[in-house]
Amino acid sequence: EVYQHLVPEGGRVYALGVAIERFLPLYARLRLARALGVLVVATLAGALLFSIFTASPAFAERLSVSASFLAALRYAPGLFYIALAFYLALFALNACYYSASCRSLRFLLREPFWKEAPQISFDAAVMISELRSADAFSDMAQSFIGKQIFLRLGISRAAVREFLEKPRQAVSADALGIAARSGAPICLADVVSAVLSADSDSALFLSSQGASAVAAAGASAWVERGLANIRRSRRVWGRESLGRVRGLGKDWAYGKAWRLSRYGKDVAEVPTFARAASSEIALAGGAGEQVEAVLAREREANALIVGDAGSPREAAVAFLALRIQGGSVLPQMEHKRLIVFDASSFVAETKTKVAFENELARLMKEVEAAGNIILIVPDFPQFIESAATLGSDAGRLLDEYLAGTRIQLIALAETGHFHRTIEPNAELMKRFERVLVPAPDERAIMPYLEDEAVRLEAKQKIFFTYPAVEAAVKASARYFMGESLLDKAADMLYEAASVVKRAGRTGVVPADILAIVEKRTGVPVGALSESERQTLLALEASLRQRVVGQDEALANVAGALRRARSGVGNPSRPFGSFLFLGPTGVGKTETAKALASSFFGSEDATHRLDLSEYRTADAMERLVGSFSGGKQG
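In this report, the structure presented in the accompanying data block is examined. (Residues numbered from 1 in each chain as written. Predicted model: local features only at pLDDT ≥ 70, side-chain atom pairs only at ≥ 80, totals over all residues. Heavy atoms only, no water.)

Moving on, we come to the overall build of the protein chain. Regarding its fold elements, the protein chain presents 33 helices and 10 strands. By its C-alpha atoms, the protein chain is 105 × 85 × 60 Å across when sized along the principal axes. Of all 633 residues assigned to the protein chain, the portion counted as buried reaches 43%. For the protein chain, restricting intrachain contacts to residue pairs at least 6 apart in sequence, the fraction spanning at least 24 positions comes to 75%. (Helix = DSSP H or I, 4+ residues; strand = E, 2+ residues; numbered from the N terminus. Buried < 20%, exposed > 50% of the residue type's maximum accessible area, 1.4 Å probe, protein only. Contact = heavy atoms within 4.5 Å.)

A separate point is the sheet that holds strand β4 (residues 373–377). Each strand in a sheet pairs with another by means of backbone hydrogen bonds, the pair being arranged parallel or else antiparallel. If you trace the 6 strands from one edge of the open sheet to the other, you get β1-β3-β4-β5-β2-β6, paired in mixed fashion. Looking along the sheet, the strands with just one partner apiece sit at the ends: β1 (264–266) and β6 (433–436). Between one strand axis and the next, the sheet turns by 25° as a mean value, whatever way the strands run. Bridge analysis of β1 against strand β3 (residues 337–341) gives 3 bridges, and the strand direction is antiparallel. In the strand pairing of β3, Gly264 is matched with Phe341. Contacts from helix α23 (residues 415–422) reach β2 (303–307), β5 (408–414) and β6 within the one sheet, and its direction differs from that of β5 by about 115°. (Pairing = 2+ DSSP bridges. Axes fitted to C-alpha atoms, helices over the stretch in contact; angles between N-to-C directions.)

By size, the foremost hydrophobic cluster in this structure holds 79 residues, and its most contacted members are Phe150, Leu153 and Phe464. Sorting elements by how many residues they give to this core places helix α27 (residues 485–502) first, with 9 residues. Beyond its immediate chain neighbours, meaning those up to four positions away, Leu153 contacts Leu206, Ala211, Ala215, Ala216, Ala219, Thr465 and Pro467. The next biggest cluster of nonpolar side chains, apart from the first, holds 37 residues, and it includes Leu375, Phe383, Ala394 and Ile422. (Core = buried A, V, L, I, M, F, W, Y, C linked by side-chain atoms within 4.5 Å.)

Let us now look at the pattern of salt bridges. Inspection of every chain in the model, using the stated rule, returns 30 salt bridges. Put simply, Asp199 and Arg168 hold a salt bridge, and the shortest N to O gap is 3.2 Å. Of this pair, Asp199 sits in the loop between α11 (188–198) and α12 (200–208) while Arg168 sits in the loop between α10 (157–165) and α11, and the two are 31 residues apart along the sequence. In this structure Asp199 comes out as buried when scored by relative accessible area, which is 1%. When the shortest N-O distance is used, the salt bridge between Glu292 and Arg323 registers 3.0 Å. Separated by 31 residues along the polypeptide, Glu292 in helix α17 (residues 285–295) and Arg323 in helix α18 (residues 313–326) bring together distant segments of the chain. (Salt bridge = Lys/Arg side-chain N within 4 Å of Asp/Glu carboxyl O.)

Okay, α27 next. Under the 1.5 Å per step criterion, the end-to-end length of α27 is 26 Å for 18 residues, consistent within 8% with the ideal 26 Å. Listed as buried for α27 are Leu485, Leu486, Lys488, Ala489, Ala490, Met492, Leu493, Ala496, Ala497 and Val500. Residue Gly504 follows α27 closely and has a positive phi angle near 80°. (Expected span 1.5 Å × (residues − 1).)

A separate point is a nonpolar patch on the surface. Judged by side-chain polarity, Leu49, Ile52, Phe59, Leu63 and Phe69 come together as a nonpolar surface patch covering roughly 420 Å² of accessible area. For Leu49, the location among the structural elements is in helix α3 (residues 26–55). (Patch = residues over 30% accessible without salt bridge, like charges linked within 9 Å, V, L, I, M, F, W, Y side chains within 5 Å. Areas by Shrake-Rupley, 256 points an atom, 1.4 Å probe, with all protein chains shown as cover.)

We now examine the environment of Trp114. Relative to the elements of secondary structure, Trp114 occurs in the loop between α6 (76–101) and α7 (122–130). By relative accessible area, Trp114 is classed as buried at 8%. Between the C-alpha atoms of Trp114 and Ser99, which are 15 residues apart in sequence, the distance is 10.0 Å.

As a further point, take the environment of Ser143. Mapping Ser143 onto the fold places it in the loop between α8 (136–142) and α9 (144–153). Taking the C-alpha atoms as reference points, Ser143 and Arg22, separated by 121 residues in sequence, lie 8.8 Å from one another. Excluding its chain neighbours within four sequence positions, the residues that come into contact with Ser143 are Met127 and Glu130. Within the structure, the side chain of Ser143 is placed 3.0 Å from the backbone nitrogen of Gly146, a separation counted as a polar contact. (Polar contact = N/O pair within 3.5 Å; in protein donor to acceptor, adjacent residues only side chain to side chain.)

Even without a glycine there, the phi angle at Ser64 is positive, about 60°. Considering the arrangement of structural elements, one finds Ser64 in the loop between α4 (57–62) and α5 (67–73). Overall, the relative accessible area of 63% leaves Ser64 in the exposed class.

Running from amino to carboxyl end, helix α19 (residues 343–350) crosses helix α20 (residues 353–370) at an angle of 130°, the nearest separation of the two axes being 8 Å. In this view, α19 runs oblique relative to α20, as classed from their interaxial angle. Handedness of the α19/α20 crossing: right-handed. For the pair α19 and α20, the contacting residues are Phe346, Val347 and Thr350 in the first and Ala355, Phe356, Glu359, Leu360 and Leu363 in the second. Along the lines of polarity and charge, the residues of the contact of α19 with α20 split into 6 nonpolar, 1 polar and 1 charged. (Parallel < 35°, antiparallel > 145°, perpendicular 65-115°, else oblique. Left-handed = near helix turned anticlockwise from the far one by under 90°. Nonpolar A, V, L, I, M, F, W, Y, C, P; charged D, E, K, R; others polar.)

For the rest of this paragraph, the subject is the environment of Arg544. Take Arg544: it is sitting in helix α30 (residues 539–544). Sequence-wise, Arg544 and Leu554 are 10 residues apart; in three dimensions their C-alpha atoms are separated by 7.6 Å.

This part is about the packing of aromatic side chains. Inspection of every chain in the model, using the stated rule, returns 19 aromatic pairs. By way of ring pairs, the aromatic residues Tyr263, Phe341, Phe346, Phe356, Phe380, Phe383 and Phe432 are connected into one cluster. The ring of Trp222 has Arg152 sitting right over it, with the charged end atom 4.0 Å from the ring centre. For the cation-ring pair, Arg520 lies above Phe480, with the distance from its terminal atom to the ring centre recorded as 5.3 Å. (Phe/Tyr/Trp six-rings, centres within 6.5 Å; stacked < 30°, edge-to-face > 60°. Lys NZ or Arg CZ within 6 Å of the ring centre and 35° of its normal.)

Turning to helix α21 (residues 380–389), a few remarks are in order. For α21, the complete set of buried residues consists of Phe380, Pro381, Phe383, Ile384, Ser386 and Ala387. Positive backbone phi, at 90°, marks Gly391, one or two positions downstream of α21.

Attention now moves to the pairing of β4. With 5 of 5 residues buried, β4 is to be regarded as a mostly interior element. Taking every second residue as pointing to the same face, both faces of β4 are buried, with Ile373, Leu375 and Val377 on one and Ile374 and Ile376 on the other. Pairing geometry for β3 and β4, over 4 bridges, is parallel. Looking at β4, one finds that Val340 is bridged to Ile376. As paired elements, β4 and β5 share 4 bridges and run parallel to each other.

Limitation: the analysis is restricted to geometry and does not speak to function.
Here is the structure:
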């Protein structure tokens, strides 16, 4: 009754899949299928040996096969058929399960007999089906999916069991109000959030374990996406999977580019593009669709993908490659081949201006004759600059080919290099349509880091909690400047995995991430230790030992640092910004040195800029750098 009440009408298509999941969860079925597969192979080998030995007793005698072993092999054929029957039955059960559970997933090629996608995800429907008693939180916590969520939150089963045994005010599933986000189907995170918002005691329990309802929703989304990816990958008979199988003879209508094979590779053979994570490709989906629209034009169908370092520029190309492979691109893009051009090898091999220009012209004519090649240049500004070092204008050479209809080019450029090299060239710019790929924010990169954590788990045999991944993102954004947020956060995960592995532990928690931040920056983060708490409380007294007569200034400085360490303040701003005013000798510089020594451990934990050295006309360029000159500050 609860299921019928809470699940939208379209979610009834999950009924068979939900029943299978409740009877035998996915991971249990995967382990059972693996065991049955091994048993089938083993019994088949035994049956074959039995057939060989009974057909040739002399051969068995030559191998000194004992009579008892031969008698045991008599049962192998029967066991083989029994094991095969169970394996096939489980395969059929899984086939029904995957077909029912994948209805809510987004496919490039949906099944023609599937109706509109249900307004609820499969895992959300499974979780609702588990809410059968008068205690919804208990039902959720003891379900298979619920155990996965608490595991990702870093909350042990013992802690959950202890909480459930305590007297409390339980909330039944009938009292839940499950609401989806605007326009989106109901997902697992919505169900979990509804349970926690209705049950205040459970929310307090999460808080006592260092988690929160927001973190629980994030962990739920991680678990749901992982299960969905498993189901999608194992539905090999689906239209999308079969549609990715390349046909025979489709490329026979086009020419070959033999010369290009010396300098280029298919996009599937280049790790930078082929290994783009699914979440990274999802981040670049909008840019990928823009590139597809540009390439489908009649003339000057060339795309220039521009983004900062760490932005998913390559993932936008991977998105297009997947669409071509899946057969879901626009008609103008069918049967196209994406070839990554190794520009650095090309320049290095040609060596001289004449050789470079002649070889480039031959190469472009060959690509033009082939008719189905889309050329990808990973670092287009570098190619232009390298050609210039040889005395050649690559933009001018490419212009006549890019203006035609037979050659298409996807150029990638980092934002700074684009502004310095490509943008000033108006003739070259008019042959391209610029596609901007912004760097993802904290919320957008979480799925990518979760996928990266799963890969590290399989490789290092460790386990990441959701709060640890979240801490890596927030700490990277707050404490490390300059680089791509994606790369900085991923580096934090790699380092944390190595530290935990060396320590002989298996779980990465937020404290491991914060310890790395403290080690790298020297800035105390994370929970306050007892010694740090005493230092903060006595900070004014410590400062007064070195600075005399500045009680108001010292109180302001110490108060700002205490607020920052207690988490009260704007994380997007510095701990404190102070302007010390006064004549020489009153303690302005000494206050800064005393603070560094008292709290950060050493006077060397300061960086001093003497602005009297920045009075000349070039002061700004020396301080913050020169973009036009390519110099750092």
